[in-house]
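Geometric and topological summary
The primary structure of each chain is shown beneath.
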Amino acid sequence: MKTPPRLADRLLTWFCAPHLREEVLGDLHERYAVRVKQRGEAKARWYYWRDVLAYVRPEFIRRQPDEYPQPTNTTMLRNYLKIAFRNLARNKVSSAINIGGLAVGMAVAMLIGLWVYDELSFNTYHQNYSRIVQVRTREYGEHGVGVNSSVQYPLITELKTNYKTDFKHIVATSWDVDNVLSAGDAKISRKGLFMEPTGPDMLTLKMIYGSRAGLKDPHSILLSESTARALFGDIDPVNQLMKISNKLDVKVTGVYEDLPLNAQFNDVKFLAPFDLWVSNNPWIQEKAMHDWQNHFLKIYAELAPDADFDKVAADIKNAEMKKLANFPEEAKRTPEVFMLPMRDWHLHNYKRGQIDEGPMQMVWLISIIGVFVLLLACINFMNLSTARSEKRAKEVGIRKSVGSVRSQLVNQFFSESFLVVVLAFVLALLLTYVSLPWFNDVAAKQIVIPWTNQWFWIASLLFIGLTGFVAGSYPALYLSSFQPVKVLKGTFRVGRFASIPRKALVIIQFTVSVTLIIGTIIVFRQIQFAKNRPVGYTRDGLLMVEMKSGDFYGKHELLRTELQRTGAVEEIAESMGKVTEVWSGNGGFNWKGKDPSLDDSFGTLVVTPEYGKTVGWQLVKGRDFSREFIADSSGIVINEAAVKYMGLKQPIGERVSWKFQDQPILNYRILGVIKDVVMESPYEPIAPTIFMIRGHGGTNWIDIRLKPTVSASEALPKIEGVFKKLIPSAPFEYKFADQEYALKFAAEERVGKLASVFAALAIFISCLGLFGLSSFIAEQRTKEIGVRKVLGASVLNLWGLLSKEFVMLVVIALGIATPVAYYFLSNWLQKYTYRTEPSWWIFAATGAGALVITLLTISFQSIKAALVNPVKSLRSE
């Protein structure tokens, strides 16, 4: 059949009044059909257009007032909300499950969102964050790429001389180390930096007293707010005099606001002039200022406003190499100068010469967990809404029969969804507020809910909208699709395949939950595996005291005598660096049979003769250092990793030489070999390490072994008394070796704790959904259960009947989760050299646990339904 021009029909529909539209269109279509037969299609179409345009007259355009006024959007919205509230009140259990589950999921998502924002906004406290960089060097050797975060003094001279137009600020700093600060009778220990005068301006420190330019005075100091309060109380300390390390007299020229925890230098509590540090270290002035081999300072810089990062990076790349033309040995390192932007200091820093993607991967991992936990809560809403579809089918049918269009029904169901989400959001805010202190403690953060931040509320509205849409989309589209004829005739059935989406969502829930549980177990297993690793020394009862001022030096023998006299100390020694770290590394070592291509760098530790007895290391061959042998000053003790690296079959008595830069060659004899001591990461191989009494550099830590028969609470006051007597200028501060070693697991333990909590909440949300679904199915099958009981079915039979379906879904989820978890966790473990393996029992135990939890969750409803008197359930029959 020939149809009239569609465009003409659309035009007529647009301008013609609604009450005349049907009549006019009917007449025009009849005329068109007659004309096609009489005059042909082409002329009929032309006449049709003429007739349509002829109706463009006021009497056909003018609208009639509606007999029944159309409800406004506000009226409809009120109606939707009223119905939504009634439905929530009528189904209290499912409403509580929906709101409670969503609230928990949203609270987890909020906490994770705040944590992710804190991580991604790291260092944005500094206003020039996007232009601040750290200047580093990269070296290429036979064994890979090495990255130095410390650089040489001549490099800063080179940058300031030949590349100054590329930078607004170029700032040299010392390493941040603890120093004793004293003002009058107040003595405290704080970490600080010696920095060039433009540094505070580059970091845009927020000054409370004084100004950022305070470091221009060569004998000045800038204090953090908390440090100033600890030394001077609440008064303005500007122009007050004080001392650094009991030897540097300085004047307070400013106090700055303490930096937040997610800002670089937050642990730096004072800044002093770089020139003051240089003037009090003669070795810098005598040698290091012109030495391209001595890496001892750091360089931070701020790019000029119009500078291009890539261009500047290309310009300075060979700044060091150009200066090594007269040093062919040094030139072999092919050093490159590069810039690490401040935005990468936290999440994309370097580790063993390679970019460490671990922190950023952690952000992604935690973010994904948050999304999944929220998704689980949304799945509960979808499942319970669609499961009760038969109860709402008649409501949909009646509404459609009296004129409701599908869009109105969709809006109604979405309004119910958004009402649940808003109520859940309010509850989630409360849960987040209550749990933040715990969360901050576990995550080592200082996160707060930004109540006054407009972007937080904008993000919250978007969060509500997205969650409401995800949770309500499927129920709204599904319920609004029912056909009123079938519903009202009583022939409507949801169909045998209607439950498939619900089952699929349950499988997704438990797949995610089980994967999280397996991941948590393996994370903790990896931590425990590393904790059980032999460390090669005795951590218990080992005390470490840092020598933070010059008053510590030259008193070793006196300290040793006085401490042993207390009866609480077994032995005392000194060392360069803590027992729990390799503080120094050097190259230039040589020995008989050395492969010329082998890297000659070793970890080096200068110690006093009693070090081995103090820390309790374990000798494998040879002997320990001894005061009885004067020649031991030229002796060394090496670890098993060094023996293996050097390829020595009989190491005792072998000669090792050390050429340190342009210093005279030092010759050593190997006295003993010790078992490998874990001084760095417990997850990585042991570094080849040499312990020596005579070397380049002095000791800076005092190691104290407490007597095992004396408790720490009894020993510490006695030790403190000795230190206050012999070194009264410094506060007595100590660290226990076992506590310092425990810090090496802090990052992994934080991940494990967070993952375990999120896994528990995920399984809780999943079980909430199971509880709601089992409740509904038990209610739906009440009559069937009654008939089966009348025919002789036992409670156990009925429990099995109602539980079988859910158990099968969980079994399928286990089948999916096991290979997925194994794949991802095996890859995660690969980043650790010293690692555990995913054992089969982890997956079996997790699966068994998930099944037990499932059965416990659904058994309540199953047994409750099975115990109902069949007379009551069959009464209507």
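Residues numbered from 1 in each chain as written. Predicted model: local features only at pLDDT ≥ 70, side-chain atom pairs only at ≥ 80, totals over all residues. Heavy atoms only, no water.

1. Observations concerning the overall build of the chain
Each helix and strand counted, the chain has 29 helices and 26 strands in total. Expressed as a percentage of the 877 residues in the chain, the buried residues total 49%. Taking the contacts inside the chain whose residues are at least 6 apart along the sequence as the reference set, 78% of them involve residues at least 24 apart. Accessible surface, the chain: about 43,000 Å² in total, of which carbon and sulfur atoms supply 58%. (Helix = DSSP H or I, 4+ residues; strand = E, 2+ residues; numbered from the N terminus. Buried < 20%, exposed > 50% of the residue type's maximum accessible area, 1.4 Å probe, protein only. Contact = heavy atoms within 4.5 Å. Areas by Shrake-Rupley, 256 points an atom, 1.4 Å probe, with all protein chains shown as cover.)

2. Looking at the sheet that holds strand 16 (residues 569–575)
The pairing of strands in a sheet happens through backbone hydrogen bonds and is either parallel or antiparallel. Strands sit in the order 16-25-15-26 across an open sheet of 4 strands; the sheet is antiparallel. At either margin of the open sheet sits one strand with a lone partner, and together these are strand 16 and strand 26 (735–736). One ladder, built from 2 bridges, connects strand 15 (residues 542–546) with strand 26; its direction is antiparallel. Bridge pairing in strand 26 links Leu-543 to Phe-736. Packing against the sheet, helix 20 (residues 556–565) makes contact with strand 16 and strand 25 (701–706), and its axis sits at approximately 160° to strand 16. Helix-sheet contacts for helix 23 (residues 712–726) involve strand 15, strand 16, strand 25 and strand 26, and the interaxial angle to strand 25 is about 140°. (Pairing = 2+ DSSP bridges. Axes fitted to C-alpha atoms, helices over the stretch in contact; angles between N-to-C directions.)

3. Description of the pattern of salt bridges
Taken as a whole, this structure holds 30 salt bridges when the rule is applied. Between Lys-445 and Glu-119 there is a salt bridge, with the nearest N and O atoms lying 2.2 Å from each other. Of this pair, Lys-445 sits in the loop between helix 16 (406–443) and helix 17 (454–479) while Glu-119 sits in helix 6 (residues 92–120), and the two are 326 residues apart along the sequence. Glu-119 gets classed as buried once you look at its relative accessible area, which sits at 8%. Residues joined by salt bridges that share partners form a network here, namely Glu-557, Arg-560, Glu-571, Glu-610 and Arg-627. (Salt bridge = Lys/Arg side-chain N within 4 Å of Asp/Glu carboxyl O.)

4. Thoughts on the packing of aromatic side chains
Applying the stated rule across the entire model yields 33 aromatic pairs. Judged by centre distance (4.6 Å) and plane angle (45°), the ring pair of Tyr-683 and Tyr-832 falls under tilted. On the criterion of sequence distance, the pair formed by Tyr-683 in the loop between strand 23 (666–674) and strand 24 (689–692) and Tyr-832 in the loop between helix 27 (795–829) and helix 28 (840–866) is long-range, its members being 149 residues apart. Side by side, Tyr-683 and Tyr-832 carry an identical accessibility label, which is buried. One aromatic cluster is present, built from ring pairs that chain together Tyr-153, Phe-194, Phe-270, Phe-274, Trp-277, Trp-283 and Phe-296. For the cation-ring pair, Arg-138 lies above Phe-338, with the distance from its terminal atom to the ring centre recorded as 4.1 Å. In this structure, Lys-531 packs its charged tip against the face of Phe-745, placed 5.7 Å from the ring centre. (Phe/Tyr/Trp six-rings, centres within 6.5 Å; stacked < 30°, edge-to-face > 60°. Lys NZ or Arg CZ within 6 Å of the ring centre and 35° of its normal.)

5. What to know about the packing of helix 2 (residues 18–39) against helix 3 (residues 41–54)
Taken N-terminus to C-terminus, the directions of helix 2 and helix 3 make an angle of 155°; their axes are 8 Å apart at the nearest point. By the angle class used here, helix 2 and helix 3 are roughly antiparallel. Between helix 2 and helix 3 the crossing geometry is right-handed. Packed against helix 2, whose contacting residues are Leu-25, Leu-28, His-29, Arg-31, Tyr-32, Arg-35, Val-36 and Arg-39, the element helix 3 presents Glu-41, Lys-43, Ala-44, Arg-45, Tyr-47, Tyr-48, Arg-50, Asp-51 and Val-52 at the interface. When its residues are assigned to classes, the contact of helix 2 with helix 3 shows 8 nonpolar, 1 polar and 8 charged. (Parallel < 35°, antiparallel > 145°, perpendicular 65-115°, else oblique. Left-handed = near helix turned anticlockwise from the far one by under 90°. Nonpolar A, V, L, I, M, F, W, Y, C, P; charged D, E, K, R; others polar.)

6. Let's talk about the packing of helix 27 against helix 28
Close contact between helix 27 and helix 28 brings their axes to 8 Å; oriented N to C, the two are set at 155°. One finds that helix 27 runs roughly antiparallel with respect to helix 28. The two elements helix 27 and helix 28 cross, and the hand of that crossing is right-handed. Tallied by class, residues from the contact of helix 27 with helix 28 come to 19 nonpolar, 6 polar and no charged.

7. Some remarks on the nonpolar core
The nonpolar side chains of a soluble globular protein tend to be buried, and buried together. In terms of nonpolar packing, the biggest core is built from 77 residues, with Tyr-611, Trp-617, Ile-638 and Phe-691 touching the most fellow members. Per-element accounting of this core gives the leading share, 10 residues, to helix 27. Look past the residues within four positions of Ile-638 in its chain and what remains in contact with it is Val-643, Met-646, Ile-670, Gly-672, Val-673, Ile-674, Thr-689 and Ile-690. Counting residues in each nonpolar core, the second largest holds 52 residues, with Val-421, Leu-429, Val-751 and Leu-754 among its members. (Core = buried A, V, L, I, M, F, W, Y, C linked by side-chain atoms within 4.5 Å.)

8. What about the environment of Ala-230?
Tracing the sequence through the fold places Ala-230 in helix 9 (residues 225–232). Here Ala-230 falls in the partly exposed class, since its relative accessible area comes to 36%. In the structure, Ala-230 is positioned 47 residues away from Ala-183 in sequence and 9.9 Å away in space, judged by C-alpha atoms. With near-sequence residues (within four places) excluded, Ala-230 lies in contact with Ala-186, Ile-188 and Arg-190.

9. Re the environment of Pro-685
With respect to the helices and strands, the residue Pro-685 is situated in the loop between strand 23 and strand 24. In this structure, the C-alpha to C-alpha distance between Pro-685 and Ala-641, residues 44 residues apart in sequence, is 8.7 Å. If sequence neighbours within four positions are ignored, Pro-685 has contacts with Arg-533 and Thr-833.

10. Details of the side chain of Lys-298
As for its placement among the helices and strands, Lys-298 is situated in strand 11 (residues 298–303). Lacking a salt bridge, the buried Lys-298 has Asp-176 as its closest oppositely charged neighbour, with an N-O distance of 4.9 Å. (Lys, Arg positive; Asp, Glu negative; His and termini not counted.)

Bear in mind that shape data such as this cannot, by itself, settle questions of function.
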